[in-house]
Structure formats: structure tokens, C-alpha cells
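Analysis of the macromolecular model
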Amino acid sequence: MAETVLSFVLRQLSTFLHEEGRLLGGLRREVQFIMDELEQMRAFLREAEAREEDAQPTLQQWIKQVRDAAYDTEDILDEFVARFARHRATGFYGSVRRIFSSIKNLRARHRVASEIQSIKSRIKSISEGHQRYKSDYGISASASNSLSAVNNTTWRYSRDDALLVEEAKLVGIDQPKKHLISQLLQGDDYQLKVVSVVGMGGLGKTTLVKKVHEDLEVRRHFPARAWVTVSQTCDFQYLLKDLIRQLHKEGNKPVPQSIESLNTTELKEIIKDFLQQAGRYAIVFDDVWDVEFWNTIKFALPESCCGNRVMLTTRKADVASASCIESRRFVYRMEPLSVEDSWTLFRNKIFDGGNCPGHLMDVAKGILDKCEGLPLAILAISGLLASKDVNRIDEWEMVRRSLGGELEGTGKLDRVKKILSLSYSDLPWHLKTCLLYTSIFPEDYKIACLRLINLWIAERFVEWREGMSIEDVAWDYFSELVNRSLIQVTDVFFEGTPNCCRIHDQLREVILLKSRKQNMVTVTTGQPIMWPSEKVRRLVVHSSSSNNTQHHQQRRNYCFDHLRSFITVGSTNPLLYKMLLSEVLGSSKLLKLLDLRGQETQVEIPNEIFNLFRLKYLNLCGTRVERVPKAIGKLQHLEYLNLADTRVRELPMEILKLQKLRFLKVHQRIDPSNDDYGSHGFKAPSNMGGLLALEILYKIDASSGSIIIKEIGKLTQLRELYITKLRREDGKELCSSLANLTGLHRLSVQSFGKGDDHEIIDLNHHHPSLASSSFLQSLRMLILCGRLEKMPQWVAHLHGLVRIDLKWSGLRGEEDPLESLQHLPNLDQINFCGSYQGEGLCFKAGGFLKLKGLYLRRMEGLRWMRVEEGALPRLHLLFLQQLPLLEELPLGIQHLSQLQRLVLYQMSSQLREKLSENQKEESEDYRRIAHIPEILIGYYTDDRKWRYRSLWEEKKKKT
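Cut-off values and rules
- Residues numbered from 1 in each chain as written.
- Predicted model: local features only at pLDDT ≥ 70, side-chain atom pairs only at ≥ 80, totals over all residues.
- Heavy atoms only, no water.
- Helix = DSSP H or I, 4+ residues; strand = E, 2+ residues; numbered from the N terminus.
- Buried < 20%, exposed > 50% of the residue type's maximum accessible area, 1.4 Å probe, protein only.
- Contact = heavy atoms within 4.5 Å.
- Areas by Shrake-Rupley, 256 points an atom, 1.4 Å probe, with all protein chains shown as cover.
- Polar contact = N/O pair within 3.5 Å; in protein donor to acceptor, adjacent residues only side chain to side chain.
- Disulfide = S-S within 2.5 Å.
- Axes fitted to C-alpha atoms, helices over the stretch in contact; angles between N-to-C directions.
- Left-handed = near helix turned anticlockwise from the far one by under 90°.
- Nonpolar A, V, L, I, M, F, W, Y, C, P; charged D, E, K, R; others polar.
- Parallel < 35°, antiparallel > 145°, perpendicular 65-115°, else oblique.
- Pairing = 2+ DSSP bridges.
- pLDDT = per-residue confidence, 0-100.
- Phe/Tyr/Trp six-rings, centres within 6.5 Å; stacked < 30°, edge-to-face > 60°.
- Core = buried A, V, L, I, M, F, W, Y, C linked by side-chain atoms within 4.5 Å.
- Salt bridge = Lys/Arg side-chain N within 4 Å of Asp/Glu carboxyl O.
- Expected span 1.5 Å × (residues − 1).

**Thoughts on the overall build of the protein chain**
- Along the protein chain, the regular secondary structure elements total 30 helices and 29 strands.
- Across the 959 residues that make up the protein chain, the buried fraction comes to 56%.
- Within the protein chain, contacts between residues separated by at least 24 positions form 66% of all contacts whose residues are at least 6 apart in sequence.
- On the protein chain, roughly 42100 Å² of surface is accessible, and the fraction owed to carbon and sulfur atoms is 47%.

Written as C-alpha cells, this is what we have:
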């Protein structure tokens, strides 16, 4: 893990030398020496860390020394820049100030020089240890195969255990097994078929595929069979020889003696010749980690015309997909066990299939919840509990409380840790850092993906790539962690963009262990804790229900001199929050990230914040801050400023000094209980166009007129633009400005008022730019909130548009909004709210070919809907709300063959009656919707709250 820290710090130092090196003068050479020495140690570190747990304390201490030296170097240089980089004034008075500053800082510069020399001496000493440990432990400088020697045997033993599990002891395997067998046996005999099974470590992929592979019907169907365990780092020649031996043994043929002397190409030829003569074959490649493995092995596998099959297990989605590209694709995503199957496996292991004693029921379920359906964890924890006295509930309670700590030992749960750690070890260092950073969030916390992405960027975990925005690179990092089954997406925005995510509890415990070990994050909830003797670099405050007033008053001796980030998660204890924030702002001059999201007790921005010269990220979302002082202009390194859901309605002129600002979000919902009415924005300085680095602008108040609209046209880097209070007469000017924003992905335009009081949005202008084929062609999402006399003509030409929201448009019957949208090739989601005054909507054949989600709400005049056959062929969700005159289900709803969910919410009494449980199931209405798996109907509870009931569940209960 020190290798991860070292890689990160080296990149920071490289950036420092490039951007601020001129300030160092003669010290630049010393810093370069430190970097060169650390660089030489980096390759050695990864292999050394693979042995750290089993190593002598001296090697462990050396690894810690390297990490600390890297951190200290970063600290010294950051402090140097904070002290010297701000004196850049010009003119006579600027020269005078620089002279006085130079005299004043001579002593400080001398101190920095001494500290750098001290670091240099430490590095030399550590480097001597580097050479000594290379010799003592036999570790090479190259880390390309660093983990194989240490870990391969362990993983192979664990995988062999999975292969020996008796089928009678398995649960939840019957349906997946039948499904995979049918995939192997069905289909034509003319093409090689690859079946990939993908999922996180510990889900039982190997066990499932082994049972499929050994099934009698599969054995009869495929005379040539083999099982190859690939693992994270494999010897490819050894793997090919092993495959040759298995195939010859299965076919009762002697193994060629010459294979020991053949090269890779010759070995593949032997395999290919054998399989061509053997007839149908089925080969399993278990635990594949790399796309390149498949790209290499596939040339040894003939397709022939015999219906050959390959099965492949992997933790990585890209590996699963890549192996199927050239064959008939089938990827089976392995899911955790259901609650029922988890409980069955748990009981079978501990109580031999008997019932759990009643006095242990609550604690047993609490322990099982921590496993989250992960078979490996259930079996390991069950094995631990099997040795406990069932009459001693306190022993079981102790296991529940200390599950995270159990992973630190070498007991029964050590296998869980090792299996899950393997996925972590396979990551490149930058993804390791990003994954470990998720330890800032509490257990079962609903992580907002965009917040996580922006925190990664602010922490400098994300590296710039040519031709890509920093946000796009960060999303690539996120996608890679999802593909590797390390992050689980729980909610998506439009176009499948991840909205919320989480970390599996058992994986989170492994992440916490590694994060604590390298002093990445320090978390407090206000409970009495032992603060680490190491320097606190990132302090995270979690919510706590307990009142620790006395404890707060006692703990006053914190040292936050080296703190880089202060983050609050959830609504924290006000006393703890106030005390920690005061101490952090008083002593943390190197702070770069300050996230106070959701702290409702924060009513103003503390003045100390404006002395944080290096601050890059400031999140005050959800606080009660009302005003932004002029001192905001001091934060010239600020890149991210979030004032969403605050009371700020205006920004001072000094905001224009923030020339690095990329993200600016300031708004407050008009109706806190309902998003449909939009948000208040902020009044900006008249020359807002000077913030040339802006990429996200949300929401700017346009009520001051055309001047601010023209300024928007200067912000050519904008990717997201949200405008509120647009006047009708400024529509033409807005269209002209939008023509300059060639990289705009999301656009939201809102006019005055609420509901029927909205002013007309007029964006129908024949400006020369609108006729251009490039106008808003990068746009993915369009939101228009306000009255429309007609749909803007250019909307029909937005070929990249994925989502459109029309709110309170009030279009008349002759202005059917569907006409402009039906042939947009990429439209995935439509959201209409009060958008149409006509009596009916007709979805015509051949229209909306990619639409998956259709939301129609608050259209009081709508009496009928019709879906022609061939329209909406991919629709998955139809949501109908507050359509009081719609008395019939949409005509032609039976044509929506892909519809998965129909939601009816606050609909007419006539429609509700037709779908009531008193109606006959063989009625016409029921026959038309019988193919829809889920139908939800909204209703009022006794306490006047809306809930949903499932139509089919009611019918089942009635039956």
C-alpha cells in the first residue's frame, strides 16, 4: 500500500516541479534527487508489500518509513508554496511588498531548505535499507509478477476447496445451473459459443461452473473436456501443457513427450489439432483476469462445426464481454444469494439443517446481514460460529460486534479477506487509491456517484488525459471499478449514468483495514477513540446519535498541521462538528478540500476559510449559508464551489478572480417538497463570461436581461448549463450564445414563476447559427421549464439527445410535442409534466425506436392515448400520474412487448375501478396487460400518504 502512496506523491511532486519549480531556486536539484530515489524504490515496494504480513517487523518498519518520507516531502513543498507563491503583485507597490516579503521570509526559506536536506538524508538511509532488503528477501526490482510467488498457492488452494464442495450442501444453485446447462446444450452446431460467468470474488462462480461442467448430460454431450485454472498471474506455457495433459487423459491417449521442449505457438498447434479430431469439446477457463488471455488462447480453439463450448469465470465485466464478441454472446452475471437461501446455507453449516434457537435469532440475522448474500462470507462466518456455545448469546454478540476486527486476524475469516484482497491487489495504483477512498463513507451509506467523482478529482487522484475532460477520466475510473465488481451501482440517472452506488459490507471491511494501515483516512463519530500517532491527513466526521458533550470538551490536543481534507458525512453531532471545524481551520494551513455538506447548523462561511490559499474544493451544499463574502476572491486555486440548497441568491464581483473555477452550483428549490417547479438561481456579476474555465454552471438567474445572456456565450468550456428566470425577449440572444457552446451536454432553461404563471420561453429563432448542422449537436439532455407556444424547431435535429423534460409547457392540441421527437435516433427517456393541453397522444408506428422510459404527469386535459403497432418497441417503463380524464388504459398497450413496469399514480376513479381486485381476470383490460411483469397502482393510506400496491400480488393473494 505504500507503493500506492508513493506513486500518488511522486505524481504530485512531478506536477509541483512543473508548475512551481521556479520558486525553489537552488533547492530544485535536492527535490529532484528525492524524487529519483523514491522512484527507484517504487518497483521494489509492491513486491515487498505482498510479503509484508508475513515479513519480519524490520521490513514492515522500512515500508512505513518510505511512506512517511513521501508524505513529509509533499508536506514541506506544499507549505513552501503556501508561504511563497502568493506574493506576485506588480507595479511599484507590488515591488515594495515583494522586498519586504523576501526579507521577512528569509528565515522561513532557510528552514524549508534545512527540512529538505533532512528529508534527503532520510531518503539516503532508507535507500540503503532498500538494497539490503533486496538481498535479504530475494526480491527483484521488477514488480511485474510481484504477487505470483506469494499468493498463487493460496488462491489455488482456495479454488480447489470450491471444486470439492458437495452439491447436496449447496443452496441457490439449481436455477443458475439449469440456465447455464441449457446455454451449453442449445443452439446450432456451426459456431464456437463462449459462456462467461462474472461477479465479485466469493460469490461461488467456480463452484457453480464446476457443477455444470460435471453434470452427466454435459459429460455425455461433450467427449473432450478440460478444466484450466488461470488465476491472476499465470505461466501461459505451463497452462497450455496442463490443458494438453487433461485432454489426452480424457481421451485415453498418451501425452506427447515433446511438449516440454515446445514453444507457445507449437503447444497451441498441438491443442488445436487434438480438438479438431476429438469432436465436440467443452473447456472451462476459471478465474480469468485479463482480456489479453482470451485474445491469446482463442487461437488454440478451433470452431469447426461440432457445437464447441467454452465456459469462463471472471471478476471483470470487460473480460466477460470481450470473450463473447466473436461468438454468440452470453454473459451470466452472478448475483448474491437471496435472503432465504442465505439463511438456509447459514443453518445448514451451523445447525446441520436444524432450526436456529429462538434466543439467537436476532443476533444470527444481524450477522447474516453483514454477509449480504456472499456465500464465501456466510461459510467462513458460519465456521467461526460453529465453534461457539449456542447457549452463550454473548459469544455470538461479540462476533457480530467484531466482524471487521476478525478480518485482521488469521482465523476462519482470513480466507474471506484474502479472496477479496485479490481483486484489490490486481488494481493499478490509481484505482487502488480511488477504491480505498470509499472508506470515508459509513456502512450501508448511499454514495452519490457525482460527489465521489468530484472528491476524487479534488484529491488529485485523477490524472489528465489528452483530449478528455478530467470528469470523463474520473468516470472511466469509476466504470473500471464497477466492471471489476468492486463498486455496485444501485441507482441510475438517464442513459444508464450511475447515480448512487455502494460497497459490499465484507469488501468494505477489507478496504477499511487497508485504508487505516496506510493512514489514508481518519474517521470519527464523536465516540472516544485513540487518535493515531501518525499525522492526520484526511479527517472524516460521521453522524452519531449519541451526545458526547463531555468527551468533546476533554479532547483538545489534536494536531491537524498536515491535514489535507476535512469531510462531513451525514448530519453530524453539532458540538463535535463545531469544535473540529474550529480546530481544523485554526491549524490546517495546507487544507485543499473542505466538504461540509448537510450541516444545517452552518449559517455563514467562516472567515478562516478565506486564508486557505491552497483550497481547491469547497462544498457547502445543504447548509443554511445566506451570503458569500467578497473575501471569496482570495481562494484563487478554487476549482469546485457547491452552494446548492443554501440561501445564497447572489454572488459578489470578486467571484471573477477564481480563474480556475470549473464547477459552480448555486440554487434553492422553489418548492422544497417538489422538484417540478424548478429552483431559484443566483444573480451573477455582469461580466460573468470572464470565468473561462467553467464547465458546470447551475443555476444562473437571467432576469437581469441580455447582458448576462451574452456573457454565457463566452463560457465555451461549458458542459452543463442551467438557467432560470429567462425572459421571453431574451430567447433570441440565448440561442446566439448557445451556438458558441459546442461541448454542451446538458441544458436546462426555466422561465419565471410557478405552474401556470411561467413566462413563455421563446427559443424559435431563425438565427444563422441555428441552421448549422453543429448547433447543440453534443447535447444529451434538454429541460425546458415554462410555457411554450411551439416546440423549438431545432429540437427535431438534436440527434445526440438522450433525455428531454418538458415542464409546464402547456402546448395546445395542434402543437403535439411528439411530432418533433418521434424520430430522434438516440432518445431514451421522455418526461412530460403539465406539457400538453390536447385531448390525446398518439405514438405512431416506427417512432421512438430507442425510448425506454416514458413519464406523463399532470396533463389534466388528456382523455386518450394510443400506441400503434411498431411504436415504442423498447419501452421498459410507463409512468402515468395525475391524468384525471384518462379513463382507459392506453389503446394498443398490448403492443409494448418489452414493457417491464406500468405505474399508475393518482389516476381517475374509473381507471382504478377497472383494475380493482373485484374485476374478473379474464376481462379485456387484464388480457391487454397480462404480459407486463410489474404493475403498481398508487393509493392513499389512512394517514394520507401515497403508497403503491402491486396488482399481480393482489391477484395472487385473492387466488
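**Observations regarding the side chain of Arg662**
- Relative to the elements of secondary structure, Arg662 occurs in the loop between β14 (640-644) and β15 (663-671).
- At 2.3 Å, the side chain of Arg662 forms a polar contact with the side chain of Glu471.
- Aside from chain neighbours lying at most four places away, what touches Arg662 is Ile457, Ile470, Glu471, Glu639, Ala693, Leu694, Glu695 and Ile696.

**What about the state of the cysteines?**
- A full pass over the atoms with the stated rule returns 0 disulfides.
- Of the cysteine sulfurs around Cys785, a residue in no disulfide, the closest is that of Cys833, at 8.2 Å.

**Looking at the packing of helix α20 (residues 449-458) against helix α21 (residues 470-483)**
- Two elements in contact, α20 and α21, have axes separated by 10 Å at closest approach and are oriented at 115 degrees. With respect to the hand of their crossing, α20 and α21 are arranged in right-handed fashion. Judged by residue contacts, Cys449, Leu450, Leu452, Ile453, Trp456 and Ile457 of α20 engage Ile470, Glu471, Ala474, Trp475, Tyr477, Phe478 and Leu481 from α21.
- Split into classes, the residues belonging to the contact of α20 with α21 amount to 12 nonpolar, no polar and 1 charged.

**Comments concerning the packing of helix α14 (residues 361-371) against helix α16 (residues 393-401)**
- Orientation of α14 relative to α16, taken along the N-to-C sense of each, is 20 degrees, at an axis distance of 10 Å. Classified by the angle between their axes, α14 and α16 sit roughly parallel to one another. When you trace α14 past α16, the crossing you get is left-handed. Along its contact with α14, which presents Asp362, Val363, Ala364, Gly366 and Ile367, the element α16 presents Ile393, Trp396, Glu397, Val399 and Arg400.
- Along the lines of polarity and charge, the residues of the contact of α14 with α16 split into 6 nonpolar, 1 polar and 3 charged.

**Quick word on the sheet that holds strand β3 (residues 281-288)**
- Spatially, 5 strands are ordered β2-β3-β4-β1-β5 in an open sheet, and the strand pairing comes out parallel. Looking along the sheet, the strands with just one partner apiece sit at the ends: β2 (224-229) and β5 (330-333). With strand direction ignored, the average angle separating the axes of adjacent strands in the sheet is 15 degrees.
- Across 5 bridges, β3 lies against strand β4 (residues 309-314) in parallel orientation. Note on β4: the bridge partner recorded for Ala282 is Arg309.
- Contacts from helix α6 (residues 174-185) reach β1 (193-198), β4 and β5 within the one sheet, and its direction differs from that of β5 by about 170 degrees.
- The sheet strands contacting helix α7 (residues 205-213) are β1, β2, β3, β4 and β5, and the helix crosses β2 at an angle near 165 degrees.

**As for the environment of Ser196**
- As for its placement among the helices and strands, Ser196 is situated in strand β1.
- Classification of Ser196 by relative accessible area gives buried; the value is 0%.
- Sequence separation between Ser196 and Leu180 is 16 residues; the distance between their C-alpha atoms is 9.7 Å.
- Excluding residues that lie within four positions of it along the chain, Ser196 makes contacts with Leu312, Ala320, Ser323, Cys324, Phe330, Val331 and Tyr332.

**Quick look at the confidence of the model for the protein chain**
- Chain-level pLDDT for the protein chain is 81 on average; 81% of the residues reach the 70-or-more range.
- Residue range residues 162-168 is modelled with pLDDT below 50. Its contacts to residues more than four positions away, or to other chains, number 11 contacts.
- Taken together, the stretch residues 545-556 has pLDDT below 50 and engages in 29 contacts with residues farther than four places along the chain or on a different chain.

**Some points on the packing of aromatic side chains**
- Taken as a whole, this structure holds 14 aromatic pairs when the rule is applied.
- Seen from their ring centres, Tyr437 and Phe461 are 5.2 Å apart, and the 80 degrees between their planes marks the pair as edge-to-face. Taken together, the residues Tyr437 in helix α19 (residues 429-437) and Phe461 in the loop between α20 and α21 connect sequence positions 24 residues apart. Per residue, the accessibility class of Tyr437 equals that of Phe461, and both read buried.

**Thoughts on the nonpolar core**
- Trp396, Tyr437 and Trp456 are the most contacted members of the largest nonpolar core, which totals 119 residues.
- At 10 residues, the largest contribution of residues to this core is made by helix α3 (residues 57-84).
- Once residues lying within four places of it in the same chain are set aside, the contact partners of Trp396 are Phe346, Ile350, Phe351, Leu360, Val363, Ala364, Ile367, Leu385, Lys388, Asp389 and Val390.
- Counting 117 residues, the second largest nonpolar core, distinct from the first, contains Met579, Leu656, Ile709 and Leu904.

**Details of the pattern of salt bridges**
- All told, the structure shown has 30 salt bridges when counted by the stated rule.
- For Glu260, the salt bridge identified is with Lys241, shortest N-O distance 3.6 Å. Placement of the pair is Glu260 in the loop between α9 (236-250) and α10 (264-278) and Lys241 in helix α9, with a sequence separation of 19 residues.
- The structure contains a network of salt bridges with shared partners spanning Lys210, Glu214, Arg219, Arg225 and Glu250.

**So, unusual backbone geometry**
- For the bond running from Tyr698 to Lys699, omega is -5 degrees, close enough to zero to count as cis.
- The residue Asp287 is not glycine, and still its phi comes out positive at about 65 degrees.
- According to the relative accessible area criterion, Asp287 is buried, its value standing at 4%.
- In the Ramachandran plot, Arg460 falls in the positive-phi region, its phi being about 70 degrees despite a non-glycine side chain.
- Looking at where Arg460 falls in the secondary structure, it is placed in the loop between α20 and α21.

**Structural notes on α21**
- Over its 14 residues, α21 extends 20 Å from the first C-alpha to the last, a length consistent with the 20 Å expected when each residue adds 1.5 Å.
- Turning to α21, its buried residues number three or more, namely Ile470, Glu471, Val473, Ala474, Trp475, Tyr477, Phe478 and Leu481.
- Among the structural elements, α19, α20, β7 (488-492) and β8 (498-502) are those in contact with the buried residues of α21.
- Note on α21: the residue one or two positions beyond its end, Ser485, has a positive phi of about 65 degrees.

**Describing α7**
- For α7, a buried count of 9 out of 9 residues is recorded, marking the element as mostly surrounded by other parts of the structure.
- Residues of α7 that are buried: Lys205, Thr206, Thr207, Leu208, Val209, Lys210, Lys211, Val212 and His213.

**Here we look at the side chain of Lys120**
- If you trace the backbone, Lys120 turns up in helix α4 (residues 91-137).
- Apart from residues no more than four positions distant in its own chain, Lys120 is found in contact with Glu30, Phe33 and Ile34.

**Regarding the environment of Gln506**
- By the element assignment, Gln506 lies in helix α22 (residues 505-517).
- Distance in space between the C-alpha atoms of Gln506 and Lys370 is 7.0 Å, their sequence separation being 136 residues.

**Focus on the sheet that holds β7**
- On the basis of which strands lie adjacent, the open sheet formed by 3 strands has the order β6-β8-β7 and antiparallel pairing. The open sheet has two edge strands with one neighbour each: β6 (447-448) and β7.

**Here's the deal with the pairing of strand β16 (residues 674-680)**
- Summarising burial for β16: 5 of the 7 residues are buried, a large majority.
- Across 3 bridges, β15 lies against β16 in antiparallel orientation. For Arg669, the partnering residue across the bridge sits in β16 and is Ser679.
- What sits between β15 and β16 in their antiparallel hairpin is a turn of 2 residues.

**Describing the environment of Ile830**
- Within the secondary structure layout, Ile830 lies in strand β22 (residues 829-833).
- Each C-alpha atom, one on Ile830 and one on Leu854, is 5.0 Å from the other, the two residues being 24 residues apart in sequence.
- Those residues in contact with Ile830, other than ones at most four positions away along the chain, are Ile804, Leu821, Phe848, Leu851, Gly853, Leu854 and Tyr855.

**Topic: the pairing of strand β23 (residues 840-843)**
- Covered by surrounding structure in β23 are Gly840 and Cys842 together with Leu841 and Phe843, the residues of both alternating faces.
- Looking at chain direction, β23 and strand β25 (residues 864-867) are connected through 4 bridges and run parallel. By the bridge assignment for β25, Cys842 is matched with Arg866.

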